Amino acid sequence: MTTADDQQRPTSAAAPSGGAARTELQTLAVRLRRMNGEINRLVHGFAGEQGLHATDVQALAAILDSDDPMTPGRLREHLGLTSGAVTACLDRLERAGHIRRVRESADRRVVHLYYAADAKAAARSYFRPLAQAAEAARARFTDDELDVVLRFLAAMNEELLPLRSPGG
(Lines give C-alpha, C1' and ligand atoms only; values in the text may rest on other atoms or scores of the structure.)
Protein backbone atom coordinates (compact mmCIF):
# COMPACT_ATOMS: atom_id res chain seq x y z
CA MET A 1 0.00 0.00 0.00
CA THR A 2 1.47 3.35 -1.02
CA THR A 3 1.10 6.24 1.40
CA ALA A 4 1.38 9.96 0.82
CA ASP A 5 4.82 9.84 2.45
CA ASP A 6 5.92 7.15 0.00
CA GLN A 7 4.70 9.23 -2.94
CA GLN A 8 6.74 12.24 -1.79
CA ARG A 9 9.95 10.25 -1.40
CA PRO A 10 12.07 9.72 -4.50
CA THR A 11 12.25 6.14 -5.70
CA SER A 12 15.43 4.49 -6.85
CA ALA A 13 14.35 5.03 -10.46
CA ALA A 14 14.01 8.77 -9.86
CA ALA A 15 17.19 9.10 -7.77
CA PRO A 16 20.29 10.62 -9.31
CA SER A 17 23.08 8.27 -10.36
CA GLY A 18 24.94 6.97 -7.30
CA GLY A 19 22.10 7.84 -4.99
CA ALA A 20 19.88 4.92 -5.93
CA ALA A 21 21.37 2.52 -3.39
CA ARG A 22 21.03 5.09 -0.60
CA THR A 23 17.41 5.84 -1.53
CA GLU A 24 16.59 2.13 -1.71
CA LEU A 25 18.16 1.64 1.73
CA GLN A 26 16.19 4.60 3.11
CA THR A 27 12.96 3.23 1.65
CA LEU A 28 13.69 -0.20 3.11
CA ALA A 29 14.47 1.31 6.51
CA VAL A 30 11.26 3.35 6.50
CA ARG A 31 9.16 0.34 5.57
CA LEU A 32 10.81 -1.86 8.21
CA ARG A 33 10.24 0.84 10.87
CA ARG A 34 6.59 1.20 9.87
CA MET A 35 6.01 -2.53 10.01
CA ASN A 36 7.81 -2.74 13.34
CA GLY A 37 5.71 0.14 14.65
CA GLU A 38 2.46 -1.56 13.65
CA ILE A 39 3.53 -4.86 15.20
CA ASN A 40 4.62 -3.04 18.37
CA ARG A 41 1.22 -1.34 18.51
CA LEU A 42 -0.45 -4.76 18.44
CA VAL A 43 1.97 -6.17 21.04
CA HIS A 44 1.33 -3.25 23.39
CA GLY A 45 -2.42 -3.64 22.92
CA PHE A 46 -2.25 -7.34 23.76
CA ALA A 47 0.01 -6.64 26.73
CA GLY A 48 -2.40 -4.00 28.06
CA GLU A 49 -5.42 -6.24 27.55
CA GLN A 50 -3.68 -9.08 29.41
CA GLY A 51 -2.20 -6.91 32.19
CA LEU A 52 1.33 -7.62 31.00
CA HIS A 53 4.40 -5.66 29.96
CA ALA A 54 5.51 -5.57 26.32
CA THR A 55 8.63 -7.48 27.41
CA ASP A 56 6.34 -10.22 28.75
CA VAL A 57 4.83 -10.57 25.28
CA GLN A 58 8.34 -10.79 23.80
CA ALA A 59 9.04 -13.58 26.29
CA LEU A 60 5.88 -15.39 25.23
CA ALA A 61 6.91 -15.15 21.58
CA ALA A 62 10.37 -16.51 22.41
CA ILE A 63 8.82 -19.44 24.29
CA LEU A 64 6.41 -20.11 21.43
CA ASP A 65 9.06 -19.85 18.71
CA SER A 66 11.75 -21.91 20.42
CA ASP A 67 12.59 -25.20 18.73
CA ASP A 68 13.57 -26.73 22.09
CA PRO A 69 11.89 -26.20 25.44
CA MET A 70 12.83 -22.70 26.61
CA THR A 71 14.71 -22.28 29.89
CA PRO A 72 14.94 -19.12 32.01
CA GLY A 73 18.65 -18.84 31.16
CA ARG A 74 18.07 -19.04 27.42
CA LEU A 75 15.21 -16.56 27.75
CA ARG A 76 17.48 -14.16 29.64
CA GLU A 77 20.03 -14.36 26.82
CA HIS A 78 17.36 -13.98 24.14
CA LEU A 79 15.76 -10.91 25.74
CA GLY A 80 19.02 -9.40 27.00
CA LEU A 81 17.65 -9.03 30.51
CA THR A 82 19.10 -9.63 33.95
CA SER A 83 18.24 -12.81 35.84
CA GLY A 84 16.06 -10.79 38.23
CA ALA A 85 14.15 -9.16 35.40
CA VAL A 86 13.50 -12.53 33.75
CA THR A 87 12.32 -13.98 37.07
CA ALA A 88 9.89 -11.07 37.53
CA CYS A 89 8.67 -11.51 33.94
CA LEU A 90 8.14 -15.25 34.40
CA ASP A 91 6.37 -14.66 37.71
CA ARG A 92 3.92 -12.26 35.99
CA LEU A 93 3.36 -14.67 33.11
CA GLU A 94 2.77 -17.61 35.43
CA ARG A 95 0.39 -15.65 37.69
CA ALA A 96 -1.56 -14.54 34.62
CA GLY A 97 -1.83 -18.16 33.43
CA HIS A 98 0.27 -17.69 30.28
CA ILE A 99 3.08 -20.11 31.06
CA ARG A 100 3.88 -23.21 33.03
CA ARG A 101 7.26 -23.86 34.63
CA VAL A 102 8.12 -27.55 34.59
CA ARG A 103 11.07 -29.12 36.38
CA GLU A 104 12.46 -31.91 34.27
CA SER A 105 12.71 -35.29 35.97
CA ALA A 106 16.25 -36.06 34.77
CA ASP A 107 17.72 -32.95 36.42
CA ARG A 108 15.37 -31.19 38.84
CA ARG A 109 17.46 -28.00 38.59
CA VAL A 110 16.45 -27.58 34.94
CA VAL A 111 13.24 -25.62 34.45
CA HIS A 112 11.47 -25.64 31.11
CA LEU A 113 8.94 -22.99 30.16
CA TYR A 114 5.78 -23.88 28.27
CA TYR A 115 3.09 -21.64 26.82
CA ALA A 116 -0.23 -22.59 28.47
CA ALA A 117 -2.75 -23.90 25.93
CA ASP A 118 -5.60 -21.56 26.99
CA ALA A 119 -3.30 -18.54 26.87
CA LYS A 120 -1.97 -19.58 23.47
CA ALA A 121 -5.55 -19.72 22.17
CA ALA A 122 -6.22 -16.20 23.52
CA ALA A 123 -3.06 -14.90 21.82
CA ARG A 124 -4.01 -16.57 18.55
CA SER A 125 -7.41 -14.94 18.69
CA TYR A 126 -5.96 -11.49 19.46
CA PHE A 127 -3.28 -11.69 16.77
CA ARG A 128 -5.54 -13.28 14.12
CA PRO A 129 -5.81 -9.94 12.21
CA LEU A 130 -2.01 -9.83 12.01
CA ALA A 131 -1.94 -13.39 10.67
CA GLN A 132 -4.65 -12.50 8.15
CA ALA A 133 -2.72 -9.41 7.04
CA ALA A 134 0.42 -11.51 6.63
CA GLU A 135 -1.51 -14.07 4.58
CA ALA A 136 -3.02 -11.34 2.37
CA ALA A 137 0.43 -9.84 1.78
CA ARG A 138 1.96 -13.27 1.16
CA ALA A 139 -0.67 -14.03 -1.46
CA ARG A 140 0.67 -11.15 -3.59
CA PHE A 141 3.99 -12.93 -4.13
CA THR A 142 5.14 -15.97 -6.02
CA ASP A 143 6.86 -18.81 -4.19
CA ASP A 144 10.21 -17.70 -5.63
CA GLU A 145 9.65 -14.14 -4.41
CA LEU A 146 8.71 -15.42 -0.97
CA ASP A 147 11.91 -17.46 -0.85
CA VAL A 148 13.84 -14.21 -1.38
CA VAL A 149 11.81 -12.42 1.31
CA LEU A 150 12.44 -15.25 3.77
CA ARG A 151 16.17 -15.24 2.96
CA PHE A 152 16.24 -11.48 3.55
CA LEU A 153 14.44 -11.76 6.89
CA ALA A 154 16.76 -14.56 8.01
CA ALA A 155 19.79 -12.50 6.98
CA MET A 156 18.45 -9.45 8.86
CA ASN A 157 17.97 -11.54 12.00
CA GLU A 158 21.53 -12.88 11.67
CA GLU A 159 22.90 -9.36 11.25
CA LEU A 160 20.96 -8.09 14.26
CA LEU A 161 22.13 -10.82 16.66
CA PRO A 162 25.53 -9.22 17.40
CA LEU A 163 23.79 -5.90 18.11
CA ARG A 164 22.06 -7.25 21.22
CA SER A 165 23.35 -5.61 24.34
CA PRO A 166 24.93 -8.20 26.67
CA GLY A 167 23.36 -8.69 30.09
CA GLY A 168 20.37 -6.37 29.61
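A brief report on the enclosed structure follows. (Residues numbered from 1 in each chain as written. Predicted model: local features only at pLDDT ≥ 70, side-chain atom pairs only at ≥ 80, totals over all residues. Heavy atoms only, no water.)

### Points about a negative patch on the surface
Judged by side-chain charge, D143, D144, E145 and D147 come together as a negatively charged surface patch. Residue placement: E145 occurs in helix α7 (residues 143-160). Taking the relative accessible area as the measure of exposure, E145 reaches 38% and is therefore partly exposed. (Patch = residues over 30% accessible without salt bridge, like charges linked within 9 Å, V, L, I, M, F, W, Y side chains within 5 Å. Areas by Shrake-Rupley, 256 points an atom, 1.4 Å probe, with all protein chains shown as cover. Salt bridge = Lys/Arg side-chain N within 4 Å of Asp/Glu carboxyl O. Lys, Arg positive; Asp, Glu negative; His and termini not counted. Charge placed at Lys NZ, Arg CZ, Asp CG, Glu CD. Helix = DSSP H or I, 4+ residues; strand = E, 2+ residues; numbered from the N terminus. Buried < 20%, exposed > 50% of the residue type's maximum accessible area, 1.4 Å probe, protein only.)

### Side note on helix α6 (residues 117-138)
Across its 22 residues, α6 extends only 27 Å between first and last C-alpha, which sits more than 12% below the 32 Å expected from 1.5 Å per residue. For α6, the principal kink sits at F127 and spans about 55°; a proline, P129, occurs within the next four residues. Looking at α6, one finds that the buried residues are A119, A123 and F127. For α6, the elements touching its buried residues are α2 (20-50) and β2 (111-115). (Expected span 1.5 Å × (residues − 1). Bend = angle between axes of the 7 residues up to and from the residue. Contact = heavy atoms within 4.5 Å.)

### Description of the pattern of salt bridges
Summed over the entire model, instances satisfying the criterion amount to six salt bridges. A salt bridge links R41 to E38; its shortest N-O distance comes to 2.9 Å. Of this pair, R41 and E38 are both found in helix α2, three residues apart, which corresponds to roughly one turn of the helix. When its relative accessible area of 51% is taken as the criterion, R41 is described as exposed. With a shortest N-O distance of 2.7 Å, R92 and D56 are connected by a salt bridge. With a gap of 36 residues between them, R92 in helix α5 (residues 83-95) and D56 in helix α3 (residues 54-65) connect regions that are remote in the sequence. Residue class for R92 comes out partly exposed when judged on its relative accessible area of 23%. For D56, a relative accessible area of 0% gives the class buried. Each of D91, E94 and R101 takes part in one network of salt bridges that share partners.

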